[in-house]
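# Descriptive structure summary
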Amino acid sequence: YIRSKYPLAILNKLLAVYGKNGACAYDIGCAFTKTLGNSSLGPQVHQLGFHLMVSAFHRHAHNQKCQLDWHPVYITGTGHSKGEGCEHIFSASNAL
């Protein structure tokens with residue numbers, strides 16, 4: 001879990017702030033779910049109904065089953081999110 005300490009710390013904060021039925025897009029959300037479930041946060045993630053997703057841009061690097069299981073469009077409660085909010089802000093700030 002040494003490589004995962006920063007994502008786990010961020011998710012710990014998200015769980016505390018957003019509570020039940022939260023979701024987060026992560027480029028490797030499909031693979032990281034196993035790490036998250038095996039971590040000390042696993043029981044809390046399960047209890048709160050938290051979901052990881054793979055963002056719309058990064059989904060093209062994943063196989064079709066992964067795309068269907070992890071794309072925000074197919075996860076109930078995530079609306080029409082693309083999971084790319086930060087990327088839009090970073091792109092806009094390049095012109096500054």
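Residues numbered from 1 in each chain as written. Predicted model: local features only at pLDDT ≥ 70, side-chain atom pairs only at ≥ 80, totals over all residues. Heavy atoms only, no water.

### Here's the deal with the environment of Val45
- Positionally, Val45 belongs in helix 3 (residues 42-48).
- The exposure class assigned to Val45 is buried, which follows from its relative accessible area of 11%.
- Residue contacts for Val45: discarding those within four places in its chain leaves Leu15, Leu36 and Phe50. (Helix = DSSP H or I, 4+ residues; strand = E, 2+ residues; numbered from the N terminus. Buried < 20%, exposed > 50% of the residue type's maximum accessible area, 1.4 Å probe, protein only. Contact = heavy atoms within 4.5 Å.)

### Describing the side chain of Ser39
- Here Ser39 lies in the loop between helix 2 (29-38) and helix 3.
- Taking relative accessible area as the criterion, Ser39 reaches 11% and is therefore assigned buried.
- A polar contact of 2.7 Å, which involves the side chain of Ser39, links it to the backbone oxygen of Leu36. (Polar contact = N/O pair within 3.5 Å; in protein donor to acceptor, adjacent residues only side chain to side chain.)

### Re the nonpolar core
- Leu8, Leu11, Leu15, Phe32, Leu36, Leu41, Val45, Leu48, Phe50 and Leu52 together form the largest nonpolar core, which totals ten residues.
- Per-element accounting of this core gives the leading share, three residues, to helix 1 (residues 5-18).
- Setting aside its immediate chain neighbours within four residues, Leu36 contacts Leu8, Leu11, Leu41, Gly42, Val45, Phe50 and Leu52. (Core = buried A, V, L, I, M, F, W, Y, C linked by side-chain atoms within 4.5 Å.)

### Observations concerning the confidence of the model for the protein chain
- Summarising the model, the protein chain shows a mean pLDDT of 81, and 77% of its residues fall at 70 or more.
- The element-level mean pLDDT for the protein chain is lowest in helix 5 (residues 85-93), coming to 68, with helix 3 highest at 96. (pLDDT = per-residue confidence, 0-100.)

### A closer look at helix 2
- For helix 2, the set of buried residues is Gly29, Phe32 and Leu36. Seen end-on, helix 2 carries its buried residues on one side only, within an arc spanning 60 degrees. More than 90 degrees from the buried face of helix 2, the exposed residues found are Lys34 and Asn38.
- On its buried side, helix 2 packs onto helix 1, helix 3, strand 2 (51-53) and helix 4 (64-70). (Arc of directions from axis to C-beta.)

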